[in-house]
Amino acid sequence: MEGAVGLQLSAKSVGLFEAFYNSVKPIQLLNYTMDIQKPGRLPSGRTEIPFEVPLKAKGNKVLYETYHGVFVNIQYVIKVDMKRSLLNKDVQKQCEFIVEYKEQKEKVQPNPHKFIISPDTLLNIKEKGSVPKFKIAGKLNATNCSISKPFTGQLMVEHSHTPIKSIELQLVRVETCGCAEGYAKDATEIQNIQVADGDVCRGIVIPIYMLFPRLFTCPTLTTNNFKVEFEINIVIIFQDDRLVTENFPIKLLRH
């Protein structure tokens, strides 16, 4: 039985590989080997061999939840090797299993967030005059989110001088790999859902509802060698294909 954190640097960080050499090696969390059947001949037909393996981390390591990312991958597998006689090939098989924390009993404040998106609130824009005049108001019901419950909220288009083509909700993972010498931080999209199609009516409340995908999300994680964080983007696409994005960091918890 093995469990490890695999770290990988993005192409833009290859030049920093020497600085990160010690950090990008897989971090082994779990490694346990045992014999479950003595040498001998198995009877014909189906044979079930019960086994039990302690799920304990190595040394002072911690077992993190299973997570499949782009640059950070936390995976646990059971490998079975069946040794055979010299004239037959050994048989090998492996299967991934999921590690998940129990839900925490203590209550966490959801920390709701009200927002307004307009040309005045946008950052990283050289000429605000080139942005269509619009105003969208809304609310995220929680920025401290339970990973097992849907992400919810609402938004409303108050006015827009340029017709709207689409409004989308984007879930983003922010993965950081590094050490004391430096780090590489990369944001990649997990999923994108459309919450409105076309030039929506003004003044109508549009609900936001999204489920967190199990394997591609995990409780927000910060360690000495890597971090896994999450963000939400609200993306407004206008009919002339101009695009406006507002970013909201969120914290995922299991409660």
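Everything in this summary refers to the structure shown in the same document. Keep in mind it's a predicted model, so treat the numbers as computed, not measured.

### What to know about the overall build of the protein chain
Counting secondary structure elements, the protein chain contains 1 helix and 15 strands. Relative to a compact globule of 255 residues, whose C-alpha radius of gyration would be 18 Å, the protein chain shows 24 Å and is clearly more extended. Expressed as lengths along the three principal axes of its C-alpha atoms, the size of the protein chain is roughly 80 × 45 × 40 Å. For the protein chain, the computed accessible surface area is about 16,100 Å², with 52% contributed by carbon and sulfur atoms. Each charge class in the protein chain can be summarised by its mean position, and for the 32 positive and 27 negative side chains these summaries are 5 Å apart.

### Some words on the nonpolar core
Judged by nonpolar contacts, the single largest core of 56 residues is most densely connected at Ile74, Phe151, Phe226 and Ile234. With 7 residues, the single largest contributor to this core is strand S14 (residues 226-238). Setting aside anything within four residues of it in sequence, one finds Ile74 in contact with Ala4, Val5, Leu29, Tyr64, Glu65, Thr66, Tyr67, His68, Leu221 and Phe226.

### Details of the pairing of strand S4 (residues 72-82)
Bridge count for strand S1 (residues 2-7) against S4 is 6 bridges, and the pairing is antiparallel. By the bridge assignment for S4, Glu2 is matched with Val77. Alignment of strand S3 (residues 67-68) against S4, held across 2 bridges, turns out to be antiparallel. In the sheet register, Tyr67 faces S4, and the bridge partner there is Ile74. Between the end of S3 and the start of S4, which pair antiparallel, lie 3 residues. Both S4 and strand S5 (residues 91-97) contribute to a ladder of 7 bridges, which runs antiparallel. Its bridge partner lying in S5, Met82 is registered against Val91.

### Some details on the pattern of salt bridges
Inspection of every chain in the model, using the stated rule, returns 11 salt bridges. Among the ionic pairs, Arg214 bridges to Glu65, the shortest N-O distance being 3.5 Å. With Arg214 in the loop between strand S12 (205-210) and strand S13 (221-222) and Glu65 in the loop between strand S2 (27-31) and S3, this pair connects stretches of sequence that are 149 residues apart. Look at the salt bridges and you will find they share partners, linking Glu65, Glu100, Arg214 and Arg254 into a network.

### Considerations on a nonpolar patch on the surface
Taken together, the side chains of Tyr32, Met34, Ile36 and Phe51 make up a nonpolar region of the molecular surface, amounting to roughly 360 Å² of accessible area. Mapped onto the fold, Tyr32 is located in the loop between S2 and S3. Its relative accessible area of 37% is what places Tyr32 among the partly exposed residues.

### Thoughts on the environment of Lys165
Within the secondary structure layout, Lys165 lies in strand S10 (residues 164-179). Lys165 gets classed as partly exposed once you look at its relative accessible area, which sits at 38%. Along the primary structure Lys165 and Ile36 are separated by 129 residues, whereas in three dimensions their C-alpha atoms are 61 Å apart. Excluding residues that lie within four positions of it along the chain, Lys165 makes contacts with Asp197, Gly198, Ile237, Phe238, Gln239 and Asp241.

### A word on the sheet that holds strand S6 (residues 113-117)
One open sheet holds the 4 strands; their spatial order is S6-S7-S9-S12, and the pairing between them is antiparallel. Strands with a single pairing partner mark the edges of an open sheet, and in this sheet they are S6 and S12. Along the sheet, successive strands turn relative to each other by an average axial angle of 20 degrees, direction set aside.

### Re the pairing of strand S9 (residues 151-160)
In terms of strand pairing, strand S7 (residues 134-140) meets S9 through 7 bridges, oriented antiparallel. Looking at S9, one finds that Gly138 is bridged to Leu155. Both S9 and S12 contribute to a ladder of 6 bridges, which runs antiparallel. Looking across to S12, one finds that Phe151 is bridged to Met210.

### Section: the layout of surface pockets
The computed volume of the largest pocket comes to approximately 1,200 Å³. Lining the largest pocket are 31 residues, and of these Ile36, Val80, Asp81, Met82 and Lys83 sit closest to its centre. Secondary-structure elements contributing two or more residues to the lining of the largest pocket are S4 and S5. Per-class residue counts for the lining of the largest pocket are 14 nonpolar, 8 polar and 9 charged. For the second largest pocket, the calculated volume is near 170 Å³. Lining of the second largest pocket is provided by Val108, Pro110, Asn141, Ala142, Asn144, Cys145, Ser146, Lys149, Pro150, Phe151, Thr152 and His255.

The rules we used
Counting starts from 1 at the beginning of each chain's written sequence and moves along it residue by residue. Only residues with pLDDT of 70 or above have their local features reported here, since the model is predicted, and side-chain atom pairs are shown and tallied only from 80 upward, although totals for entire chains, interfaces and linings are computed over all residues. No hydrogens and no water enter the side-chain calculation; it runs on all heavy atoms of the structure. Helix and strand definitions here come from DSSP, where helices need a minimum of 4 consecutive H or I residues and strands a minimum of 2 consecutive E residues; each element is numbered from the N-terminal end. As a reference, a globule follows 2.2 Å times the number of residues to the power 0.38, and the radius of gyration itself is taken over C-alpha atoms. Here the accessible surface of atoms and residues is derived via Shrake-Rupley with a 1.4 Å probe, and residues count as covered only by protein chains that are part of the display. Asp and Glu count as negative and Lys and Arg as positive, but His and the ends of the chain are not part of the count. To locate a charge, the coordinates of NZ of Lys, CZ of Arg, CG of Asp or CD of Glu are taken. Residues enter a nonpolar core if they are buried and are Ala, Val, Leu, Ile, Met, Phe, Trp, Tyr or Cys, with the set joined through side-chain atoms within 4.5 Å. Only protein chains enter the accessibility calculation, which uses a 1.4 Å probe. A residue is then buried if its area is under 20% of the maximum for its type, exposed if over 50%, and partly exposed in between. Any pair of residues with heavy atoms lying within 4.5 Å of one another is described as a contacting pair. Criterion used throughout: strands pair if DSSP finds at least two bridges between them. For this analysis, a salt bridge means a side-chain nitrogen from Lys or Arg found within 4 Å of a carboxyl oxygen belonging to Asp or Glu. Exposure above 30% relative accessible area and the lack of any salt bridge qualify a residue for a patch; like charges then connect within 9 Å, and the nonpolar side chains Val, Leu, Ile, Met, Phe, Trp and Tyr within 5 Å. With axes taken as lines fitted to C-alpha atoms, and helix axes fitted only over the stretch in contact, angles between N-to-C directions fall between 0 and 180 degrees. Think of a 1 Å grid over just the protein atoms. A cavity is a set of points where a 1.4 Å probe fits yet cannot get out, a pocket is an open set with protein on both sides within 12 Å along at least five of seven lines, and lining residues have an atom within 4 Å of a point. Grid points are joined across faces, edges and corners, and a volume is the space filled by probe spheres set on the points. Amino acid classes used here: Ala, Val, Leu, Ile, Met, Phe, Trp, Tyr, Cys and Pro are nonpolar; Asp, Glu, Lys and Arg are charged; the rest, including Gly, are polar.

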